[in-house]
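# Secondary and tertiary structure notes
Chain by chain, the residues run as shown.
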Amino acid sequence: MNTSPMPLPDAGRYELRYQSLFNEGRAYSFPCDATGQVDMDALSDRARHNYFYVRTVVGREFATPAVRSNALQ
């Protein structure tokens, strides 16, 4: 049985971006697929902590996330 996480087919080509409501230069972004699904197992502990934090404060500190094409790919 294979217990390693399944890689998302579009992983690395898209990012889920949370823009600050108050500071234009502040945002969080996480690698995702075209539908905005983030592979939690692929995130570092710090990134996973940041992801849970920013999801908690959507509407208070950060805007609803947007799926964006990763320009680096």
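Summary of the structure given here. Because the structure is a prediction, the values reported are computed rather than measured.

### Re the sheet that holds strand β1 (residues 14-19)
Strand pairing in a sheet relies on backbone hydrogen bonds, with the paired strands running either antiparallel or parallel. Read across the sheet, three strands follow the order β2-β1-β3 without closing on themselves; strand pairing throughout is antiparallel. A single partner strand is all that each edge strand has here, and the edge strands are β2 (27-32) and β3 (66-69). Going across the sheet, the axis of each strand differs from the next one's by a mean of 35°, ignoring polarity. Sheet strands touched by helix α1 (residues 45-56): β1 and β2. Its angle to β2, the strand with the most contacts, is close to 115°.

### Focus: the packing of aromatic side chains
Aromatic rings in a pair are described by how distant their centres are and how their planes are angled relative to each other. Under the criterion given, the structure shown has six aromatic pairs. Residues Y18 and F30 carry aromatic rings whose centres are separated by 6.2 Å and whose planes lie at 75° to one another, so their mutual orientation is edge-to-face. Of this pair, Y18 sits in strand β1 while F30 sits in strand β2, and the two are twelve residues apart along the sequence. Relative accessible area serves as the criterion here: at 3%, Y18 is assigned to the buried category. Grouping aromatic residues by their ring pairs yields a cluster made of Y18, Y28, F30, Y51, F52, Y53 and F62.

### With respect to the pattern of salt bridges
Enumeration over the complete set of coordinates arrives at two salt bridges. Here E15 and R68 are joined by a salt bridge, their closest N and O atoms 3.4 Å apart. Here E15 is found in strand β1, whereas its partner R68 is found in strand β3, with 53 residues between them in sequence. Relative accessible area serves as the criterion here: at 15%, E15 is assigned to the buried category. Judged by its relative accessible area of 40%, R68 falls in the partly exposed class. Residues D45 and R48 are paired through a salt bridge, measuring 2.7 Å at the closest nitrogen-oxygen approach. Taken together, the residues span about one helical turn, with D45 and R48 both in helix α1 at a distance of three residues. By relative accessible area, which is 61% here, D45 ends up exposed.

Rules of the game
- Residues numbered from 1 in each chain as written.
- Predicted model: local features only at pLDDT ≥ 70, side-chain atom pairs only at ≥ 80, totals over all residues.
- Heavy atoms only, no water.
- Pairing = 2+ DSSP bridges.
- Helix = DSSP H or I, 4+ residues; strand = E, 2+ residues; numbered from the N terminus.
- Axes fitted to C-alpha atoms, helices over the stretch in contact; angles between N-to-C directions.
- Contact = heavy atoms within 4.5 Å.
- Phe/Tyr/Trp six-rings, centres within 6.5 Å; stacked < 30°, edge-to-face > 60°.
- Buried < 20%, exposed > 50% of the residue type's maximum accessible area, 1.4 Å probe, protein only.
- Salt bridge = Lys/Arg side-chain N within 4 Å of Asp/Glu carboxyl O.

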